[in-house]
Amino acid sequence: MSRCFPAETLNAALRRLVDLEYTNVEICIHESGGHISPSEVLADLDQSVRTCRQTHRLTPCAFSIETDLPEGDEYYSQFAACCKLAKAVKVVTVTVRSAELGTPFNAEVERLQRLSAIGSVEGVRVGILTETGRMSQDPDTATVFCNSVKGLGITLDPSHYIYGPHAGRGFEQVMKHVYHVRLRDTSKDQLQVRVGQGEVEYGRLINQLRKVGYNRALCVDVAPVPDVDQLAEMRKMRLLLESLL
């Protein structure tokens, strides 16, 4: 993901990924902490298209979309603009976060239905991120969302099913709905640990995905940590995943 180098400009982050011999990139379109913001996309779609096409031989494989706005007309306008951007740069999958815990189930279904319908107009598929602290932290709930909303899928971040309230239980039920995958190494006590020190069974995960016909990108989402060589961690993750494919 582009946010593996959050302190860099998008151009510099992409150059880092090229130097590390990555071939694809998920671009973060976040209002806070992203390389591009949804409000910028809505304000100047053409400029956003030019920015996202300058990828230094990397292929954009997904967008991560996060807005600070409450649900409303502007919220959906920003999302629609991001979907137009995705279509323009040939990105098929966009990721959104599910609602916070405590949100009424039916209200979240309605929001996801609207997002999925907006995406379908542009030929874009919407995936909800599996994430601790949000409704998708329970794989059964995430699966029900996909069964209830036409065209909706899942961006699988297995770390949140290893670390967090679901730790120790399986999540095979989400596999058939997976549109996109984000990976890091994780323990039951920490969401992110150094590569090789966690409990993510990458080989088993890849085999589960193969069984349901998943043939899309495996995205590395490793956040910088003080006193840890980020370039070395990113290189180790790439080599690890390549050895399994």
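Structure shown above.
So, how was this worked out
- Residues numbered from 1 in each chain as written.
- Predicted model: local features only at pLDDT ≥ 70, side-chain atom pairs only at ≥ 80, totals over all residues.
- Heavy atoms only, no water.
- Helix = DSSP H or I, 4+ residues; strand = E, 2+ residues; numbered from the N terminus.
- Buried < 20%, exposed > 50% of the residue type's maximum accessible area, 1.4 Å probe, protein only.
- Contact = heavy atoms within 4.5 Å.
- Areas by Shrake-Rupley, 256 points an atom, 1.4 Å probe, with all protein chains shown as cover.
- Core = buried A, V, L, I, M, F, W, Y, C linked by side-chain atoms within 4.5 Å.
- Salt bridge = Lys/Arg side-chain N within 4 Å of Asp/Glu carboxyl O.

**Some details on the overall build of the protein**
Alright, step 1. Counting its secondary structure elements, the protein contains nine helices and seven strands.
Alright, step 2. The principal-axis extents of the C-alpha atoms in the protein amount to approximately 45 × 40 × 35 Å.
Alright, step 3. Burial status across the protein gives 50% buried among its 245 residues.
Alright, step 4. Partitioning the contacts of the protein with sequence separation of at least 6, the portion at a separation of at least 24 is 74%.
Alright, step 5. When the accessible surface of the protein is split by element, carbon and sulfur atoms take 48% of a total near 11400 Å².

**Concerning unusual backbone geometry**
Alright, step 1. Positive phi values are uncommon outside glycine, yet His56 reaches one of about 55 degrees.
Alright, step 2. Along the chain, His56 falls in the loop between helix H3 (45-53) and strand S2 (59-66).
Alright, step 3. With relative accessibility at 22%, the residue His56 sits in the partly exposed group.
Alright, step 4. Located in the positive-phi region is Asp227, a residue other than glycine, with phi close to 70 degrees.
Alright, step 5. For Asp227, the position within the fold is in the loop between strand S7 (218-220) and helix H9 (230-244).

**Quick look at the nonpolar core**
Alright, step 1. In terms of nonpolar packing, the biggest core is built from 69 residues, with Phe63, Phe79, Leu156, Met234 and Met237 touching the most fellow members.
Alright, step 2. The leading source of residues in this core is helix H4 (residues 73-88), at eight residues.
Alright, step 3. Excluding its chain neighbours within four sequence positions, the residues that come into contact with Phe63 are Glu26, Ile27, Ile29, Cys52, Cys82, Leu85, Ala86, Val89, Val91, Thr93, Val94 and Thr95.

**Notes on the pattern of salt bridges**
Alright, step 1. This model, assessed by the stated rule, comprises 16 salt bridges.
Alright, step 2. Of the charged contacts in the structure, one is a salt bridge between Arg184 and Asp157, with a shortest N-O distance of 2.8 Å. Of this pair, Arg184 sits in the loop between strand S6 (178-183) and helix H8 (202-211) while Asp157 is found in the loop between strand S5 (153-156) and helix H7 (159-162), placing the two residues 27 residues apart along the sequence.
Alright, step 3. Its relative accessible area of 6% is what places Arg184 among the buried residues.
Alright, step 4. Connected through shared salt-bridge partners, Glu66, Arg97, Glu100, Glu131 and Arg134 make up one network.

Spatial relationships are all this shows, so hold off on functional conclusions.
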